Amino acid sequence: MCHQMALEQESKAKEKASPSNPPSGSSSPAVQVPNAGGSSYGHMRDANVPIIWVLGGPGCGKGTQCAKIVAKYNFSHFSTGDLLRDEVASGSEKGKELQDMMKQGILVPNETVLKLLEAAMVKALNGTVGYLIDGYPREPAQGPEFEKFIAPVDIILYFECSNETLVARIMKRAAESATVRADDNEDTLKTRIATFRENTEKILVQYPTQLRRINAERAPEDIFADVEKAIDELLATKGKK
């Protein structure tokens, strides 16, 4: 699914944890924010900060789990859709360019998305234990591009749910919400889920050693127990615990 579609489909009302700000008086990070021309990449490679991709179908509960991870481990949580929306809302020249592109139906280049993502990661570097990249990659080609231009992914948390569970959860959310999203109907949901599964299986097969499949059909506390195990193991290998 492209970033343009992600912008339309992700909920603007989604509660998310803000990336930790660097502590007051802390020194500048040993990495650089990408320059305006975007000619420099890969500054996160030397940081040795854990990077986790978080994947799962709509309604799998990954937002809840990301919030728990942020609260316990002080990870920074980023969504590429949120970063694009924030850039547009900032009124910057880049934001105006992005807004014009989206109005014209032009897809936002993945290179642009990666620049925004790396800049956000660098900004949070001094005050974070690790990074949660939520809902990325969306297409098979995006994973290798992330690893080439930013840094290798350490693990992938994939929250598995049946199609029936995903549809039931989203429809329940829609029924209880004061604001109903246009894509929260069963036919559209089934199309979204089918597209998600087609792309995600092609992504996951590329990362057999990093993949952590988690049964997301259970209670949030039971799911988080498995998440904790995966993250604790990762932090130990990184010398962070």
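Quick caveat, the model's predicted, so the values are computed rather than measured.

A separate point is helix α9 (residues 220-237). Here α9 spans 26 Å end to end across 18 residues, near enough to the 26 Å set by a 1.5 Å rise per residue. Among all positions in α9, only I223, F224, V227, A230, I231, L234 and L235 are buried. One face of α9 carries all of its buried residues, which in axial projection span an arc of 135 degrees. Summarising the geometry of α9, the exposed residues directed more than 90 degrees from the buried face are E221 and K229. At the exit of α9 stands G239, carrying a positive phi of roughly 70 degrees.

The linkage connecting Y136 with the following residue, P137, adopts the cis geometry, with an omega of 0 degrees. Within the element layout of this structure, P137 appears in the loop between β3 (130-134) and α6 (142-149). We note that N48 has phi near 55 degrees; this positive angle belongs to a residue other than glycine. The residue N48 is located in the loop between α1 (3-9) and β1 (51-56) in this model. Among the residues examined, N48 registers a relative accessible area of 38% and is labelled partly exposed. The backbone of N74 shows a phi angle near 60 degrees, a positive value even though the residue is not glycine. Relative to the assigned elements, N74 resides in the loop between α2 (62-73) and β2 (75-79). A residue is classified by how much of its surface remains accessible, and N74, at 34% relative accessible area, is partly exposed.

Following the criterion strictly, the structure yields 6 aromatic pairs and no others. When the ring of W53 is compared with that of F146, the centres are 5.3 Å apart and the planes differ by 85 degrees; the resulting orientation is edge-to-face. One end of the pair, W53, is in strand β1; the other, F146, is in helix α6, with 93 residues separating them in the sequence. Of the residues examined, F146 reaches a relative accessible area of 0% and is grouped as buried. For the ring pair W53 and Y207, a centre distance of 5.2 Å and an interplane angle of 85 degrees mean the geometry is edge-to-face. Highlighted residues: W53 in strand β1 and Y207 in the loop between α8 (186-204) and β5 (211-215), separated in sequence by 154 residues.

Scoring rules and cut-offs
Residues numbered from 1 in each chain as written. Predicted model: local features only at pLDDT ≥ 70, side-chain atom pairs only at ≥ 80, totals over all residues. Heavy atoms only, no water. Helix = DSSP H or I, 4+ residues; strand = E, 2+ residues; numbered from the N terminus. Expected span 1.5 Å × (residues − 1). Buried < 20%, exposed > 50% of the residue type's maximum accessible area, 1.4 Å probe, protein only. Arc of directions from axis to C-beta. Phe/Tyr/Trp six-rings, centres within 6.5 Å; stacked < 30°, edge-to-face > 60°.

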